[in-house]
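Tertiary structure, described
Listed here are the chains, written in short residue letters.
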Amino acid sequence: DDPHVTQPKSTAGLLPDAQTVTAVRHWTDGLFSFRVTRPASLRFRSGEFVMIGLLGDNGKPILRAYSIASPNWDEELEFYSIKVPDGPLTSRLQHIKPGDQIILRPKPVGTLVLDALLPGKRLWFLATGTGIAPFASLMRDPETFERYEQVIMMHTCRTRAELDYGRELVENLRHDPLLSEIHGDDFTDRLIYYPTTTREESPFMGRITDNLASGKVFADLGLPAMNPAEDRAMVCGSLAFNVDVKAVLESFGLHEGANSEPREFVVEKAFVGEGV
Ligand code: FAD
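Keep in mind that what you see is a predicted model, and the values were worked out from it rather than measured.

Points about the overall build of the protein chain
Scanning the protein chain from terminus to terminus reveals ten helices and eleven strands. In terms of C-alpha radius of gyration, the protein chain reaches 19 Å, essentially the compact-globule figure of 19 Å for 276 residues. Projected onto the principal axes, the alpha-carbon positions of the protein chain cover approximately 70 × 40 × 35 Å. Looking at the 276 residues of the protein chain, the share that counts as buried comes to 48%.

With respect to the layout of surface pockets
As a volume, the second largest pocket reaches approximately 420 Å³. If you go around the second largest pocket, you meet 20 residues; those closest to its centre are Arg-35, Glu-78, Arg-140, Leu-169 and Asn-172. At the level of secondary structure, the elements contributing two or more residues to the lining of the second largest pocket comprise β1 (18–28), β2 (31–37), α5 (164–174) and α6 (177–183). Counting residues per element, the lining of the second largest pocket draws most heavily on α5, at five residues. The residue makeup of the lining of the second largest pocket, split by class, is eleven nonpolar, two polar and seven charged.

A few points about the nonpolar core
In terms of nonpolar packing, the biggest core is built from 35 residues, with Phe-125, Phe-135, Met-139, Met-153, Tyr-165 and Met-234 touching the most fellow members. Among the elements of the structure, β7 (122–128), α3 (133–139), β8 (150–157), α5, β9 (191–197) and β10 (231–237) are those that each provide at least two residues to this core. When residues in this core are grouped by element, the largest group, five residues, is from α3. In contact with Phe-135, not counting residues within four places along its chain, are Leu-112, Phe-125, Leu-126, Ala-127, Met-153, Met-234, Val-235 and Cys-236. Residues Tyr-194, Met-226, Val-235 and Leu-254 belong to the second largest nonpolar core, which totals 22 residues.

Here's the deal with the sheet that holds strand β6 (residues 101–109)
The antiparallel open sheet is built from six strands, whose spatial order is β4-β3-β6-β1-β2-β5. Bordering the open sheet on either side are β4 (61–67) and β5 (76–82), each of which pairs with just one other strand. Along the sheet, successive strands turn relative to each other by an average axial angle of 35°, direction set aside. Two elements, β1 and β2, share six bridges in a ladder whose sense is antiparallel. If you follow Val-24 over to β2, its bridge partner there is Phe-34. In the packing of α5 onto the sheet, the strands contacted are β1, β2 and β5, and the crossing angle to β1 comes to about 105°.

Remarks on the side chain of Ser-67
Take Ser-67: it is sitting in strand β4. For Ser-67, a relative accessible area of 15% translates into the label buried. Not counting chain neighbours up to four residues away, the residues in contact with Ser-67 comprise Glu-48, Phe-49, Glu-78, Phe-79, Ala-133 and Pro-134.

What counts, and at which threshold
- Residues numbered from 1 in each chain as written.
- Predicted model: local features only at pLDDT ≥ 70, side-chain atom pairs only at ≥ 80, totals over all residues.
- Heavy atoms only, no water.
- Helix = DSSP H or I, 4+ residues; strand = E, 2+ residues; numbered from the N terminus.
- Rg over C-alpha atoms; globule rule 2.2 N^0.38 Å.
- Buried < 20%, exposed > 50% of the residue type's maximum accessible area, 1.4 Å probe, protein only.
- 1 Å grid on protein atoms, 1.4 Å probe; cavity = no way out; pocket = protein on both sides within 12 Å on 5 of 7 lines; lining within 4 Å.
- Points joined across faces, edges and corners; volume = space filled by probe spheres on them.
- Nonpolar A, V, L, I, M, F, W, Y, C, P; charged D, E, K, R; others polar.
- Core = buried A, V, L, I, M, F, W, Y, C linked by side-chain atoms within 4.5 Å.
- Contact = heavy atoms within 4.5 Å.
- Pairing = 2+ DSSP bridges.
- Axes fitted to C-alpha atoms, helices over the stretch in contact; angles between N-to-C directions.

Written as structure tokens, this is what we have:
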């Protein structure tokens, strides 16, 4: 390298953590997903998050935590993002196009990993909004279905359109011939999808906490009430959501675990703040 040649200011700070955007899809005015190249050295456990971002006008990186939405076997990385109108990162990130570069710090961490839970029969994924991202990873990881007989994805958003990313993902998985081959013809029954809206009218409505506490979801799905012998759960939403769900899970006799001490459920914030 010629030490006299300086990098142009716009990309100098990005390297060596730059990754290239390969695809972008906008789901609503407030939600989009995108895929980027994966650093060859990046290993992660499905469900973990990394710091990603862009260079700010002052040349300093604007970095935020993002759950990796793709499974650990995928050769690219996928993310599912909110668009906060005046958000320092997402007001700009929402305009990325294939070929653009983003910053990705390759140090994955997080509590929503299979190793933080005890073995069980059913695994419940409980998410609001972009909190579905870590479960988009875990649902696509065959190990999830090796460890649990049934996986129930409960996702709640205000409107039906906000559910589309998760809905399409689940539909594609349930009709994936390879997964049926690996997991048997009954794979459709092993991945259960329970989407609800809180504002717009839809077939199923209501908050996840209410549908759990009232027993409605168990009745709708023909499952026994949650119990510590059979059920495990992972929770990802706003702080208020996480606090409320935790109380409901504890009322069923489940205990919070961690990487260092696996138990019946684990919790992670989908973002810091009150939500938009
Ligand atoms: P910020 O200044 O970061 O946020 C502005 C305000 O917008 C916040 O105070 C909050 O009230 C609200 N907000 C931020 N993010 C969200 C959100 N996702 N849903 C609803 N309201 C929000 N965001 C994602 O979009 N996808 C992810 O996969 C994701 N994973 C995360 C994992 C962890 C562990 C944490 C802590 C956060 C995660 N976030 C995720 C939030 C993310 O880090 C940023 O907050 C978000 O990208 C907005 O950045 P910003 O700079 O535009 O606005």
